[in-house]
Amino acid sequence: DDGDTEKKTNNIQQIPRNQMGPYLSRCNDSQLTSICAYLSGTDLSNLVCCNRFCYVLGHLDELWRDVTLRKHEGGSKEIEWMSGGWKDTFVHEEIVRRNKSIA
């Protein structure tokens, strides 16, 4: 939903970046989102543990959408959508994948 994305983006703008280090604190929201788009699901999950700014940034649905679609690129299986959003869909798909590899 575009309203939710806009609301989350506004949340990012309200959080100080003083914990982002000398280089990342100079980046604007769009640049940081672009950088985070290259992260894996595991890396994105770890990012949210760093500080408040990263927590909000790491929960942007558009990042989880990119991670989920990239993970299933070229896959023959359809992605099972979870109502909680792209992050929940990614986590669900990972659990299913890991359970299949154990069995």
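One structure accompanies this document, and this report is about it. (Residues numbered from 1 in each chain as written. Predicted model: local features only at pLDDT ≥ 70, side-chain atom pairs only at ≥ 80, totals over all residues. Heavy atoms only, no water.)

**Focus: the packing of helix α6 (residues 61–71) against helix α7 (residues 86–102)**
Threshold: Fitting a line to C-alpha atoms yields each axis, with helices limited to the stretch in contact; the angle taken between N-to-C directions then spans 0 to 180 degrees. By definition, any uninterrupted DSSP run of H or I lasting at least four residues is a helix, any uninterrupted run of E lasting at least two residues is a strand, and each is numbered from the N terminus. Angle categories: roughly parallel below 35 degrees, roughly antiparallel above 145, roughly perpendicular from 65 to 115, and oblique for all the rest. Working rule for handedness: look at the near helix, and if it is turned counterclockwise from the far one by less than a right angle, call the crossing left-handed; if clockwise, right-handed. Any two residues whose heavy atoms approach within 4.5 Å at even a single point are treated as in contact. We call Asp, Glu, Lys and Arg charged. Ala, Val, Leu, Ile, Met, Phe, Trp, Tyr, Cys and Pro are nonpolar, and the rest, Gly among them, are polar.
As a packed pair, α6 and α7 sit with axes 8 Å apart at the nearest point and diverge in direction by 30°. For the element pair α6 / α7, the angle class is roughly parallel. The way α6 lies across α7 gives a crossing that is left-handed. Every residue of α7 that contacts α6 at Asp61, Trp64, Arg65, Val67, Thr68, Leu69 and Lys71 is listed here: Trp86, Lys87, Thr89, Phe90, Glu94 and Arg97. Residue composition of the contact of α6 with α7, grouped by class: 5 nonpolar, 2 polar and 6 charged.

**Remarks on the nonpolar core**
Inclusion rule: To qualify as a nonpolar core, a set must consist of buried Ala, Val, Leu, Ile, Met, Phe, Trp, Tyr and Cys residues joined through side-chain atoms within 4.5 Å. Burial classes: relative accessible area under 20% of the type maximum marks a residue as buried, over 50% as exposed, and values in between as partly exposed (1.4 Å probe, protein chains only).
In terms of nonpolar packing, the biggest core is built from 16 residues, with Leu32, Leu44, Leu47, Leu57 and Leu63 touching the most fellow members. Leaving out residues up to four positions away in the same chain, Leu63 has contacts with Thr33, Cys36, Ala37, Leu44 and Leu57.

**Notes on the environment of Gly85**
As for its placement among the helices and strands, Gly85 is situated in the loop between α6 and α7. A relative accessible area of 7% places Gly85 in the buried class. Between the C-alpha atoms of Gly85 and Arg65, which are 20 residues apart in sequence, the distance is 8.5 Å.

**Section: the pattern of salt bridges**
What counts is decided by this rule: Within this document, salt bridges are pairs made up of a side-chain nitrogen of Lys or Arg and a carboxyl oxygen of Asp or Glu, the two lying within 4 Å of each other.
Considering all chains together, one arrives at 4 salt bridges under this definition. Between Lys71 and Glu94 there is a salt bridge whose closest N-O contact spans 3.5 Å. With Lys71 in helix α6 and Glu94 in helix α7, the pair connects residues that are 23 residues apart, well separated along the chain. The residue Arg97 makes a salt bridge to Glu94 at a minimum N-O spacing of 2.9 Å. Residue Arg97 and its partner Glu94 are located together in helix α7, separated by 3 residues, close to a single helical turn. Exposure remark for Arg97: the relative accessible area of 40% places this residue in the partly exposed category. Shared partners join several salt bridges into a network, and the residues in it are Lys71, Glu94, Arg97 and Arg98.

Take it as geometry only, folks, not as evidence of what the structure does.
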